[in-house]
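A look at the structure
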Amino acid sequence: KMKKFLEREYIKITPEEDVKNLTHYFTVPKGDNDVHMVFNGTKLGLTDALWAPSFWLPNATSMLRTLSYGHKMVDIDLGEHFLNHPIHQTLIKLSAVDLTPFKRHIRTEFPELNVNDGLVFGVWSRAWMGAKPSPEWAVRFYYIADEFVRGNEQDPSNPFFFDKVVINAV
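Residues numbered from 1 in each chain as written. Predicted model: local features only at pLDDT ≥ 70, side-chain atom pairs only at ≥ 80, totals over all residues. Heavy atoms only, no water.

Here strand 5 (residues 121–124) shows two buried faces, one formed by Phe-121 and Val-123 and the other by Gly-122 and Trp-124. With four bridges connecting them, strand 1 (residues 11–14) and strand 5 associate as antiparallel partners. Paired with Thr-14 across the bridge in strand 5 is Phe-121. Both strand 4 (residues 96–98) and strand 5 contribute to a ladder of three bridges, which runs antiparallel. Pairing of Val-97 across the sheet is with Gly-122, part of strand 5. (Buried < 20%, exposed > 50% of the residue type's maximum accessible area, 1.4 Å probe, protein only. Helix = DSSP H or I, 4+ residues; strand = E, 2+ residues; numbered from the N terminus. Pairing = 2+ DSSP bridges.)

Structure (structure tokens):
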């Protein structure tokens, strides 16, 4: 799992002197032969210092109150949704991860990183669970990406183009 984070540069190797704070992480079993890595931002101590706008997310109970008979809903797991969104530069140095337990694997898989014999640290560059503003960051960046993907809605060559001219029926 850690290999994927390094490959995608969610975590970047950093010198020990740049480490200001460590992110707590643990694994949770996922199926019979897999684990889910949880990077718990609440242990950083930053959560209380971060401001987040009032950002309400629905839960199952609040959603059920809005539905009437015959409606259907679906619950999807966006999996790596938070990992797609960067955190602010000022938080990166405060979001370090101790990679020392993975030193041997990092040397094997990423020889170009020249990992030393001492402790090995990386900095987390993506939104992490437990930070007050993470849900707002994720939704804000999602809408920016959505707007980018859809392109210019005024361009007739865009598949999402909608000609607003009303055609009169004969």
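Evaluation of the coordinates by the stated rule reveals six salt bridges. In this structure, the salt-bridge partner of Lys-3 is Glu-7, at a minimum N-O distance of 3.8 Å. In this pair, Lys-3 and Glu-7 both sit in helix 1 (residues 2–7), four residues apart, roughly one turn of the helix. Of the residues examined, Lys-3 reaches a relative accessible area of 38% and is grouped as partly exposed. (Salt bridge = Lys/Arg side-chain N within 4 Å of Asp/Glu carboxyl O.)

A word on the packing of aromatic side chains. Ring pairs (aromatic) are described by centroid distance and by the angle formed between their planes. What the rule picks out here adds up to three aromatic pairs. Ring geometry for Phe-5 against Tyr-10: centres 6.0 Å apart, planes inclined by 45°, an arrangement best described as tilted. Taking relative accessible area as the criterion, Phe-5 reaches 6% and is therefore assigned buried. Here the aromatic cluster, defined as three or more aromatic residues joined through ring pairs, consists of Phe-5, Tyr-10 and Trp-124. When the ring centre of Phe-141 is taken as origin, the NZ or CZ atom of Arg-140, which lies over that ring, is 5.5 Å away. (Phe/Tyr/Trp six-rings, centres within 6.5 Å; stacked < 30°, edge-to-face > 60°. Lys NZ or Arg CZ within 6 Å of the ring centre and 35° of its normal.)

Here we take up helix 5 (residues 134–150). Taking 1.5 Å per residue as the helical rise, helix 5 with its 17 residues ought to reach 24 Å, and the 24 Å between its terminal C-alpha atoms agrees with that figure. All of the buried residues in helix 5 are Ser-134, Glu-136, Trp-137 and Ala-138. Each element contacted by the buried residues of helix 5 is listed here: helix 3 (89–92). A positive phi of about 75° marks Gly-151, the residue just after helix 5. (Expected span 1.5 Å × (residues − 1). Contact = heavy atoms within 4.5 Å.)

Purely spatial values, then, with no claim about function.
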